[in-house]
Amino acid sequence: MLHTIIKLDEIFNGLKEKGQGALLQTYIPDNSSEIEIGRRRPTIIICPGGAYSFASDREAEPVALRFVAKGYNAFVLRYSVAPHRYPQQLLELSATVAYVRRNAEAFHVDEEKIAVCGFSAGGHLAGSLGVLWQEPFIAQTLGINAGENRPDRVILGYPVITGGEFAHRGSFDNLLGQEASQEARDQLSLEQLVSPSTPPTFIWHTFEDTAVPVNNSLIFAEALKAYEIPFELHIYTKGGHGLSLCDETTAGPEHPGLINPQAATWVKLVTEWMR
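Nothing here was measured: the structure is a model prediction, and the numbers come from that model.

Definitions and cut-offs
- Residues numbered from 1 in each chain as written.
- Predicted model: local features only at pLDDT ≥ 70, side-chain atom pairs only at ≥ 80, totals over all residues.
- Heavy atoms only, no water.
- Salt bridge = Lys/Arg side-chain N within 4 Å of Asp/Glu carboxyl O.
- Helix = DSSP H or I, 4+ residues; strand = E, 2+ residues; numbered from the N terminus.
- Buried < 20%, exposed > 50% of the residue type's maximum accessible area, 1.4 Å probe, protein only.
- Expected span 1.5 Å × (residues − 1).
- Arc of directions from axis to C-beta.
- Contact = heavy atoms within 4.5 Å.

A. Local environment of the pattern of salt bridges. Evaluation of the coordinates by the stated rule reveals 11 salt bridges. For R101, the salt bridge is made with D152, and the minimal N-O distance between the two is 3.2 Å. Of the two residues, R101 is situated in helix α2 (residues 88-102) and D152 in the loop between α5 (136-142) and β6 (153-157); the sequence distance between them amounts to 51 residues. Residues R101 and D152 agree in their burial class; the two are buried. R185 is paired through a salt bridge with D173; the nearest N and O atoms lie 2.8 Å apart. Of this pair, R185 sits in helix α7 (residues 182-187) while D173 is found in helix α6 (residues 169-176), placing the two residues 12 residues apart along the sequence. By relative accessible area, which is 2% here, R185 ends up buried. Judged by relative accessible area, D173 falls into the buried class, the value being 15%. Connected via shared salt-bridge partners are R101, R150 and D152.

What follows is the structure in structure tokens.
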């Protein structure tokens, strides 16, 4: 398996001296002549949560390895966090998708199955690319071709979506600055940015989440339906915020409440959905 760490600002000049230096970790299985030397795999690009103040380890490598075990290529993006502001994070994720697409042959990537997956604030980032990938300033800043950064699928786990009534205020404070106006927050409320160009989306959340209310996922699903964007939505009854894989892999002995066998089915469901 190819496991490397890539400095994105060494590849895309538009990222230089603007963020903290985004790092892309790769988890790319080897092909074998004993199995299928020309195999192309679905690919998942993971954006950990952390309220745009840090990137959670619990939503990074363990998730990548779980998907590798299911036949995926996986990448973990350690994107810029506060005090670095929007749109730096969006540019970094855009650069990541473009990089994966440009190296599809070398990385054995199925170019029709490149998904971005985000948890909590990382869900806001993944969702932001889903609704904003076509914005001209992205391609101009990064020097990429139009559409190189388009994800084929978007996967959102207990995502931060809205800057309105049900906002996770800390995430928007870190992304835009505490002094940001409500108008600025509304402009990055993803439910208001859905368009016919938004890719199919898989969403999961828990009813009991008190950190990022389940309303975030519900209003985003409603916006997707308004534009007839295919989506799959799973609301689990039990469980708080930050469940990640929902089992011992990402829970640890000090956080038994993060073990949730019911919600753990999201991994199986999303792989079925990707197929």
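B. Just helix α8 (residues 215-226), in detail. Relative to the 16 Å expected for 12 residues at 1.5 Å per residue, α8 spans 16 Å between its end C-alpha atoms, a close match to the ideal helical length. If you check which residues of α8 are buried, you get N216, S217, F220, A221, A223 and L224. One side of α8 holds all its buried residues, which, seen down the axis, span an arc of 160 degrees. Away from its buried face by more than 90 degrees, α8 exposes E222 and A226. A positive backbone phi angle near 55 degrees is found at E228, which sits one or two residues after α8.

C. Quick look at helix α10 (residues 266-274). The buried count for α10 comes to seven of nine residues, which makes it a mostly enclosed element. Buried within α10 we find W266, V267, L269, V270, T271, W273 and M274. As for α10, its buried residues are in contact with β3 (41-47), α1 (61-69), β5 (109-119), β6, β7 (201-206) and β8 (231-236).

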